[in-house]
Amino acid sequence: MLAAPVAGALVFSATPVSAAPTAPVAAVAAAKSAADPFSVFDVKLTATKKAKAGGKIRYTITAVNTGPHEATAGTWFVGGLFPKGVDLRKVSYRTSVDDTACELIKRELFCVLPATVKKGQSIAMVFDARLTKKASGSQKAVLGVVSYNVETGMENLSKEELDRLGVPGFGYVKRATTKVVR
């Protein structure tokens, strides 16, 4: 599992950078705990192994909230970076959570599932994508869950707005490769 602070879309860095050159020990301890994720997800990703150009790829994401806290509705998103050979206008999705909404941000598709996931509970989402007729080689996806340390009152902000505001976010993703066959 890849897990790292997220800035922007699925850009993974090793650690957040502190603006202060030095800080008292109490301030460092407070900053460390503030950077810890509110909710950690264990993600499983399955994908179609082989597909023809112009054919379909199915991605199934199953994520378990391992805590330490519940993931409140509006503080976590499912999706990620789809392969370059996928026609993003033809991606459909299914989940058991009503009123799920997805947003395309460049080559990334993220969905907000308006549900609170308690520690130990899981959520599943299926994406059906269509390859372009020109797709070839290995098509690589990076999909999973992005969870934000959202403060009370910020639950209705979009992923793009949370990123813009610099709200600490953590990506729990897996990689999948589909070989295009002729």
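I will try to describe carefully the structure that is included in this document. (Residues numbered from 1 in each chain as written. Predicted model: local features only at pLDDT ≥ 70, side-chain atom pairs only at ≥ 80, totals over all residues. Heavy atoms only, no water.)

### Describing the overall build of the protein chain
Along its length, the protein chain carries 2 helices and 11 strands. In the protein chain, the succession of α and β elements from N to C terminus is β-α-β-β-β-β-β-β-β-β-β-α-β. Each of the 182 residues in the protein chain was classed as buried or not, and the buried ones make up 41%. A separation threshold of at least 6 residues defines the contact pool for the protein chain, and within that pool the share at least 24 residues apart is 77%. Per element, the accessible surface of the protein chain, about 10,000 Å² overall, is 56% carbon and sulfur. (Helix = DSSP H or I, 4+ residues; strand = E, 2+ residues; numbered from the N terminus. Buried < 20%, exposed > 50% of the residue type's maximum accessible area, 1.4 Å probe, protein only. Contact = heavy atoms within 4.5 Å. Areas by Shrake-Rupley, 256 points an atom, 1.4 Å probe, with all protein chains shown as cover.)

### Brief notes about the pairing of strand β11 (residues 169-181)
The pairing of strand β3 (residues 50-52) with β11 spans 3 bridges and is parallel. Looking at the pairing, A51 lines up with V180 of β11. With 11 bridges joining them, strand β10 (residues 138-148) and β11 adopt antiparallel strand pairing. Bridge pairing in β11 links V142 to R175. (Pairing = 2+ DSSP bridges.)

### A few points about the pattern of salt bridges
In a structure, side chains of opposite charge can pair up when their charged atoms sit close to one another. Taken as a whole and assessed by the stated rule, the structure comprises 6 salt bridges. As a salt-bridge pair, R89 and D87 come within 3.1 Å of each other at their nearest N and O atoms. Through salt bridges with shared partners, a single ionic network connects R58, R94 and D128. (Salt bridge = Lys/Arg side-chain N within 4 Å of Asp/Glu carboxyl O.)

### Some thoughts on the sheet that holds strand β2 (residues 39-47)
Taken together, 4 strands build an open sheet; the order of strands is β2-β4-β9-β6 and the sheet is antiparallel. The outermost strands of the open sheet, each flanked by one partner alone, are β2 and β6 (92-94). Each adjacent strand pair in this sheet contributes to an overall mean axis angle of 20°, direction not counted. Direction of pairing for strand β4 (residues 56-68) relative to strand β9 (residues 122-130): antiparallel, over a ladder of 9 bridges. Considered in β9, the bridge of K56 is made with R130. (Axes fitted to C-alpha atoms, helices over the stretch in contact; angles between N-to-C directions.)

### Digging into the packing of aromatic side chains
As enumerated under the stated definition, the model contains 5 aromatic pairs in all. The interplanar angle of 35° and the centroid separation of 5.8 Å between the aromatic rings of F41 and W76 together place this pair among those described as tilted. Of this pair, F41 sits in strand β2 while W76 sits in strand β5 (residues 76-81), and the two are 35 residues apart along the sequence. As far as the burial class goes, F41 and W76 line up, both buried. Between F77 and Y148 the ring centres are 5.9 Å apart and the planes differ by 90°, which places this aromatic pair in the edge-to-face class. Note that F77 is positioned in strand β5 and Y148 in strand β10, a separation of 71 residues in sequence. We note that F77, like Y148, is buried. (Phe/Tyr/Trp six-rings, centres within 6.5 Å; stacked < 30°, edge-to-face > 60°.)

### Looking at unusual backbone geometry
A negative phi holds for most residues other than glycine; trans holds for most peptide bonds. Put simply, G67 and P68 share a cis peptide bond, and its omega is 10°. Tracing the chain through its elements places P68 in strand β4. Located in the positive-phi region is D99, a residue other than glycine, with phi close to 65°. The phi dihedral of K106 is positive, around 60°, even though this residue is not glycine. You can see K106 is positioned in the loop between β7 (101-105) and β8 (108-112). Residue classification places K106 among the exposed residues on the basis of a relative accessible area of 78%.

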